[in-house]
Amino acid sequence: MNQAIDISSFTYNIVLMITAWFLLSLSFFIWGKFLAKILGLKITGRKGIIAYIWLGFAFCICFFSIYHLFLPINAFASCLFYFPGIIYFFLKYTKKLPEFIKSIGSKNIIVILLTLFAASAIAIQAPTNFDTGLYHLNSIRWNNEFHIIKGIGNLHSRLGFNQTFFLYCASLNFHPFLNGYAFHVSNSFLYALFFVGMILNGTIIDLLLVALFFFIPMPYYWINNPTPDI
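What you see is a predicted model; the values in this text were computed from it and never measured.

## Focus: the layout of surface pockets
Item 1. Considered as a void within the structure, the largest pocket measures approximately 990 Å³ in volume.
Item 2. Forming the walls of the largest pocket are 33 residues, and the residues nearest its centre are F22, I49, L97, F100 and I104.
Item 3. For the lining of the largest pocket, the elements supplying multiple residues, two or more each, are α1 (7-39), α2 (46-67), α3 (75-93), α4 (97-104), α5 (106-123) and α8 (182-201).
Item 4. In terms of residue count, α1 provides more of the lining of the largest pocket than any other element does, seven residues in total.
Item 5. In the lining of the largest pocket, the residues fall into 26 nonpolar, four polar and three charged.

Now the structure itself:
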């Protein structure tokens, strides 16, 4: 007998997922502009917004790599990084959001919404990657509870991989907002950002890539797992 779908739970998880992506985008956008200013990069136009978010993601990895040398990546660390970016965005850019959304165009908005819904519906599923149970979640938990531990690879060889991607995952795994949901959000956010970026670019090649990726099963196998392979 097929198990009935809990519509209310499904809807809640979808909304939670897309909200998390949205807030991550805001924080990464601000930190991306900060990094671009430090590096002397000048990025303009609608396409530049996605570039700033990717730069913010790179800055996130850099920040937590240094932070984790001394302290565990817990709720305090997450708040320290994400909240200033989100708050600053709302203070400075809220009035510009309607104008940006209008510039995207109704057709692109529909495609983006359908893409986000499809990606989030897959992302909320139980993890299917073997390595996730083997060591991904364990590595994230170590990052949450301890600063970097010398020789941890002696405890389990996989823990010695020391993936910086897991630091990003650990930063999302904080109570009560996304506790236990980090592995759903981490890769799915990057996957959604990749799609939205291609849609906003709007070239023929970008649109073909969007269509092509809908028929490639491997990304769907990845985005509900905290695997660094993607």
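## Looking at the state of the cysteines
One way to say it: the disulfide is the covalent bond shared by the sulfur atoms of two cysteines.
Item 1. As enumerated under the stated definition, the model contains zero disulfides in all.
Item 2. Of the cysteine sulfurs around C62, a residue in no disulfide, the closest is that of C60, at 9.9 Å.
Item 3. For C62, a relative accessible area of 42% corresponds to the partly exposed category.

## Focus: α3
Item 1. Over its 19 residues, α3 extends 26 Å from the first C-alpha to the last, a length consistent with the 27 Å expected when each residue adds 1.5 Å.
Item 2. Of all the bends in α3, the greatest reaches close to 30° and is centred on Y82; the proline P84 follows between one and four positions later.
Item 3. Of the residues making up α3, those classed as buried are A77, S78, F81, Y82, G85, I86, F89 and Y93.
Item 4. In this structure, the buried side of α3 is in contact with α1, α2, α4 and α7 (165-172).
Item 5. Where α3 begins, the capping side chain belongs to N74, and its oxygen is found 3.2 Å from the backbone nitrogen of F76.

## Some details on the nonpolar core
Item 1. F28, Y82, Y168 and F189 are the most contacted members of the largest nonpolar core, which has 57 residues in total.
Item 2. Only α1, α2, α3, α5, α6 (130-145), α7 and α8 provide two or more residues apiece to this core.
Item 3. Among residues more than four places away in sequence, those in contact with Y168 are L24, F28, F57, C60, I61, Y82, V185, S186, F189 and L190.

## Focus on the environment of D131
Item 1. For D131, the position within the fold is in helix α6.
Item 2. Sequence separation between D131 and N225 is 94 residues, and the spatial gap between their C-alpha atoms is 9.1 Å.

Rules and cut-offs
- Residues numbered from 1 in each chain as written.
- Predicted model: local features only at pLDDT ≥ 70, side-chain atom pairs only at ≥ 80, totals over all residues.
- Heavy atoms only, no water.
- 1 Å grid on protein atoms, 1.4 Å probe; cavity = no way out; pocket = protein on both sides within 12 Å on 5 of 7 lines; lining within 4 Å.
- Points joined across faces, edges and corners; volume = space filled by probe spheres on them.
- Helix = DSSP H or I, 4+ residues; strand = E, 2+ residues; numbered from the N terminus.
- Nonpolar A, V, L, I, M, F, W, Y, C, P; charged D, E, K, R; others polar.
- Disulfide = S-S within 2.5 Å.
- Buried < 20%, exposed > 50% of the residue type's maximum accessible area, 1.4 Å probe, protein only.
- Expected span 1.5 Å × (residues − 1).
- Bend = angle between axes of the 7 residues up to and from the residue.
- Contact = heavy atoms within 4.5 Å.
- Polar contact = N/O pair within 3.5 Å; in protein donor to acceptor, adjacent residues only side chain to side chain.
- Core = buried A, V, L, I, M, F, W, Y, C linked by side-chain atoms within 4.5 Å.

None of this, on its own, says anything about what the molecule does.
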